[in-house]
Every structure is written in C-alpha cells, then in structure tokens.
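Here are the chains, one letter per residue:
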Amino acid sequence: MFTVNVELGDRSYPIFVAEGLLNSADVVAPYLGQGRVVIVSNDVVAPLYMETVKQLFAGREIMEIILPDGEAHKNLDAISHIYDSLLAGKYDRNTLLVALGGGVVGDITGFAAATYLRGINFVQIPTTLLAQVDSSVGGKTGVNHPLGKNMIGAFYQPSCVVADTSVLKTLPQREVKAGLAEVIKYGLIYDASFFNWLADNSDGIVLSDPALLSQVIRTCCEIKAEIVAKDEKESGIRALLNLGHTFGHAIETASGYGTWLHGETVSMGMVMAADLSRRIGWMDRDTAGRIRSVLEENFGMPVLPPADISVEQYIDLMLSDKKAELGKIRFVLLKAIGEAAIEGDVDKMLLKETLTAGENLCR
Ligand SMILES: NC(=O)c1ccc[n+]([C@@H]2O[C@H](COP(=O)([O-])OP(=O)(O)OC[C@H]3O[C@@H](n4cnc5c(N)ncnc54)[C@H](O)[C@@H]3O)[C@@H](O)[C@H]2O)c1
Ligand SMILES: [Zn+2]
C-alpha cells in the first residue's frame, strides 16, 4: 500500500491506494467518523461493490442512495434527490457521505456534502481509473448545467480517499482508456519523463497490468496533490490541469453529455491544444505530432473532434469556460512536453485554423 498526503493545513487528508483496500477496514477507520453513514453510488457500481464497502462501516446505520448511471445524470436533479433523502431521514451534521463510483458519483456526492447543512464530512471511494488518478483528489465538486459543463459546484475537500485498485478489473476497456487521457495530461503539463515512460510502457498499461497501473496512480496522485497543495482554489498553477478541457468541455456540451466520455474529449482537446501551441509558435511540428501519435497510436484514443461542431459553436461554448475572463478565452497550451502555460490572447485566425483542422491536427 502507499499513501499520498494532500497538504492543506487543517484540511489535509490522505489518499490510500492498495489492491484489496476495501477489505482493510482498520487502515481507513480513523477517517470515517462515528455518525450515520450514507453511501451514494449508481446502478452499475452498487451491485458490484456496495456490500464490500458496507463492511467498512460495520455496526453503523447505513443508508444507500442509488443514482442512475452516467454523465447525463450529473445534474441538479441528482443533488435534489440526495437532499430529499437526507432531510426525510433527519440526517444531522455528524453524517458521513460516501461517494462510491467514478467521477460522476464523486462530483455529485462532494457537492451534496459541501452544501447539505452548510457542509458535512465525505469520503471518496473512486472506482474508475479516471477517478483514482484525478477527480477524487483535490476537492472540485459539482454538476453540469445544460448550458455548460461543471458550471455549478464548490471546492470542498474529502476527509480521505480510498482507492482500491482491484475494482479496476471490472472497468470496461473504453473507460480505462478515458482515464489514461487524464494520466497523459499530467505528463504533458508537468513531467516529460513520466510522459516518455507512459509511451514506452503503453502496451502493458492499456492491458491494465496491475504493477504498471499502480505506478501510474501513484505518480498522478503525487503530482495532483502537489499542485492542489500549492493552489487549492485555482488562482494559478492548478489551472494547468485543465489542459485540453477548454476544447473538451465544449465538445462534451455540444455533443450532449454522455455521447463522448469525458476522458475521450480531453484526448481530443489535448491534441487541439498541441495543434494551437504549434500554430502560435510555442512548439515545433514534430513535438505536436508526437503528442498526437502517443494518444492515437500508443493508447488507441480518439484524437479528432466530431466534425459537426461549428467554429461559432466552439467559441460560444468556450467563452463560458470558467477560465474565460472579460470576453477572452484563456487556453492552457504547451511550450514543450512537460511544460504548460496559460495564453489569454490567441490570434482568432490561428484558433479558427485549429478548430477546422480535422485530420490535419498536429500534422
Ligand atoms: N472533480 C474533478 O477534479 C474532476 C476531474 C476530472 C474529471 N471529473 C469529472 O469526472 C467525470 C468522469 O468520471 P469517470 O470517467 O469516472 O466517469 P463515470 O463516473 O461516469 O464512470 C464511468 C463508467 O464506469 C462505470 N464504473 C465505475 N466504476 C466501475 C467499476 N469499477 N467497474 C465497472 N464499471 C464501473 C460507471 O458506472 C460509468 O458507467 C466527469 O463528469 C468529469 O467532469 C472531475
Ligand atoms: Zn478532466
């Protein structure tokens, strides 16, 4: 087992990562409080892991809230449903909310915890690769609005993160790859040697080799914990974690939530960001080409955005991105593999070229 600490003063917390961790109640017990427990999950994950997770809370009163599966249900209806259940059951401030699932369940449950009775404790039990390397760590919680992705939310840290790598065995391959997009993101923004290591070991990683995945999760949690400790509320360096997301969120919203997986749109968005970085002169053609080829060829990910989103639609959606300021879209772009920066003044013609490049992205 390994533990990564997120250092945030009196709100610091550990991320526990191990195979079979859900059977090790003694390790996590000190972080689980004493009150009543409400486990929020969905109709795919609950049948697989609810009974195991309940054993972590043996002897305590437990309520289950089972949400419908999928990004399309990451909305205020889900939040209302949780509030209704908690209020009907007279759940007080000592209640522990537990998020059992991927990033969707984690983001919804965290937001419910942030706002119910002005904030109650919650624990993340991430069950997807994406959630174990990214969404369960760092305290971004929230839901989508029809007009924009993750538009309603709060920064609210969990009391701990319990990542049992054995649950990844039931995760469909398409979901594993979607999680790997966020993994590759860490290499691109922060750590060129990690990016090269990922490319060199892509065959085993794609097949979910347990030792390699464990190394991947460790490195990603360490990088995310370091960035969040420096900039919890995203006034600086944390924004770099949004590489590919300005384009990606626009694709998710334009396509209808759930058409593409979040990680798939991040993959497309990172290729678009690399392409734009090249067009504005930050990076050479070979480097941009290598980024596309690692995503597309080594990891078999989708890299070309859907052709039916117009330039006007992109711009409109990207202007409501949370990073946009005073009517300007702010992009996370790359100076090199392992080095990212924000650019708020991209030439409109060059942006248009990226948005219409299609098959020629990064070529
Ligand atoms: N809060 C953050 O910092 C942050 C960071 C990145 C992404 N996100 C959000 O996370 C969401 C994406 O998360 P995700 O990729 O985990 O999607 P998800 O939560 O929809 O999970 C993907 C699918 O896998 C299923 N599943 C989960 N665990 C499983 C398991 N062990 N075995 C079999 N099936 C399993 C789920 O039911 C779902 O169908 C997006 O909404 C995104 O905005 C948040
Ligand atoms: Zn993401």
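Residues numbered from 1 in each chain as written. Chains lettered and ligands numbered in written order. Predicted model: local features only at pLDDT ≥ 70, side-chain atom pairs only at ≥ 80, totals over all residues. Heavy atoms only, no water.

## Concerning the overall build of the chain
Here is step 1 of the chain: Looking only at helices and strands, the chain has 14 helices and 11 strands in total.
Here is step 2 of the chain: Here the chain has a C-alpha radius of gyration of 20 Å; the compact-globule value for 363 residues is 21 Å, and the two agree.
Here is step 3 of the chain: By principal-axis analysis of the C-alpha atoms, the chain measures approximately 60 × 40 × 35 Å.
Here is step 4 of the chain: The buried share of the chain, reckoned over its 363 residues, is 56%. (Helix = DSSP H or I, 4+ residues; strand = E, 2+ residues; numbered from the N terminus. Rg over C-alpha atoms; globule rule 2.2 N^0.38 Å. Buried < 20%, exposed > 50% of the residue type's maximum accessible area, 1.4 Å probe, protein only.)

## Considering the sheet that holds strand 5 (residues 96-101)
Here is step 1 of the chain: Here we have 7 strands laid out as an open sheet, ordered 1-2-9-6-5-3-4, and mixed in their pairing. A strand with exactly one partner marks an edge of an open sheet, and here the two such strands are strand 1 (2-6) and strand 4 (62-67). Here the average twist between neighbouring strands, direction ignored, is 15°.
Here is step 2 of the chain: Contacting strand 3 (37-42), strand 4 and strand 5, helix 3 (residues 76-88) crosses the sheet at an angle of about 160° to strand 4. (Pairing = 2+ DSSP bridges. Axes fitted to C-alpha atoms, helices over the stretch in contact; angles between N-to-C directions. Contact = heavy atoms within 4.5 Å.)

## Thoughts on the site of ligand 1
Here is step 1 of the chain: Surrounding ligand 1, one finds 28 residues, the nearest of these being Asp69, Glu71, Thr127, Thr128 and Thr170.
Here is step 2 of the chain: A distance of 2.7 Å separates a nitrogen atom of ligand 1 from a polar atom in the side chain of threonine 170.
Here is step 3 of the chain: Contact between ligand 1 and lysine 224: an oxygen atom at 3.4 Å from a side-chain N or O atom of the residue.
Here is step 4 of the chain: Expressed as a share of its isolated accessible area of 860 Å², the protein-covered part of ligand 1 is 91%.
Here is step 5 of the chain: Here the residues of the shell around ligand 1 sort into 9 nonpolar, 9 polar and 10 charged.
Here is step 6 of the chain: Three or more residues apiece are contributed to the shell around ligand 1 by two domains, here domain 1 (2-170) and domain 2 (173-360). (Near = heavy atom within 4 Å. Polar contact = N/O pair within 3.5 Å; in protein donor to acceptor, adjacent residues only side chain to side chain. Areas by Shrake-Rupley, 256 points an atom, 1.4 Å probe, with all protein chains shown as cover. Nonpolar A, V, L, I, M, F, W, Y, C, P; charged D, E, K, R; others polar. Domains from an automatic or database assignment.)

## Some remarks on the coordination of the zinc ion (ligand 2)
Geometry reference: four tetrahedral donors at a metal, ideal angle 109.5 degrees. Six octahedral donors, ideal angles 90 or 180 degrees.
Here is step 1 of the chain: Protein coordination of the zinc ion (ligand 2) is provided by Glu182 (OE), His245 (NE2) and His262 (NE2), with donor distances spanning 1.9 to 2.1 Å.
Here is step 2 of the chain: Taken in sequence order, the residues that donate to the zinc ion (ligand 2) follow the motif E-x62-H-x16-H. Here histidine 245 is found in helix 10 (residues 245-255), whereas its partner histidine 262 is found in helix 11 (residues 262-279), with 17 residues between them in sequence.
Here is step 3 of the chain: Among the residues examined, histidine 245 registers a relative accessible area of 7% and is labelled buried. (Donors = N, O, S within 2.8 Å, 3.2 Å for Na, K, Ca; no water.)

## Some points on helix 2 (residues 45-54)
Here is step 1 of the chain: Those residues of helix 2 not exposed but buried are Val45, Ala46, Tyr49, Met50 and Val53. Down the axis of helix 2, the buried set is contained in an arc of 130°. They therefore lie on one face. Looking at helix 2, the residues exposed on the side facing more than 90 degrees away from the buried face are Pro47 and Glu51. (Arc of directions from axis to C-beta.)

## Re the side chain of threonine 109
Here is step 1 of the chain: Of note, threonine 109 is situated in helix 4 (residues 103-115).
Here is step 2 of the chain: Using a relative accessible area of 0% as the deciding quantity, one classes threonine 109 as buried.
Here is step 3 of the chain: Excluding residues that lie within four positions of it along the chain, threonine 109 makes contacts with Val40, Leu97, Val98 and Ala99.

## Overview of the domain arrangement of the chain
One widely used convention gives an interface's size as the accessible area the parts lose upon coming together.
Here is step 1 of the chain: According to the domain assignment, the chain consists of domain 1 (2-170) and domain 2 (173-360).
Here is step 2 of the chain: Once you take the C-alpha centre of each, domain 1 and domain 2 turn out to be 26 Å apart.
Here is step 3 of the chain: Taken together, the contact pairs 32 residues of domain 1 with 36 residues of domain 2.
Here is step 4 of the chain: Both sides of the domain 1 and domain 2 interface together cover about 2,800 Å² of buried area, and 66% of this is carbon and sulfur.
Here is step 5 of the chain: Area buried by domain 1 at its contact with domain 2 is led by Leu129, Val133 and Lys149, which between them contribute 22% of it.
Here is step 6 of the chain: There are 13 residue pairs in polar contact (both at pLDDT 80 or more) connecting domain 1 and domain 2.
Here is step 7 of the chain: Looking at the side of domain 1 that touches domain 2, the elements that each hand over two or more residues are strand 1, strand 2 (13-18), helix 5 (129-135), strand 7 (140-145) and strand 8 (148-155).
Here is step 8 of the chain: Class assignment for the residues of the side of domain 1 that touches domain 2 results in 16 nonpolar, 10 polar and 6 charged. (Buried area = accessible area lost by both parts, 1.4 Å probe.)

## Comments concerning the pairing of strand 5
Here is step 1 of the chain: Along strand 5, 6 of the 6 residues are buried, which leaves the element largely enclosed by surrounding structure.
Here is step 2 of the chain: Side chains of strand 5 alternate between two faces, with Leu96, Val98 and Leu100 and Leu97, Ala99 and Gly101 buried alike.
Here is step 3 of the chain: Where strand 3 lies against strand 5, 4 bridges are found, and the strand directions are parallel. Looking across to strand 5, one finds that valine 37 is bridged to leucine 96.
Here is step 4 of the chain: As defined by bridge partners, strand 5 adjoins strand 6 (residues 122-126) across 5 bridges and the pair is classed as parallel. Counted as the bridge partner of alanine 99 is glutamine 124 from strand 6.
Here is step 5 of the chain: Since strand 5 and strand 6 lie parallel, the crossover through helix 4 that links them has a hand, and here it is right-handed. (Right-handed = clockwise from strand over helix to strand, strands pointing away.)

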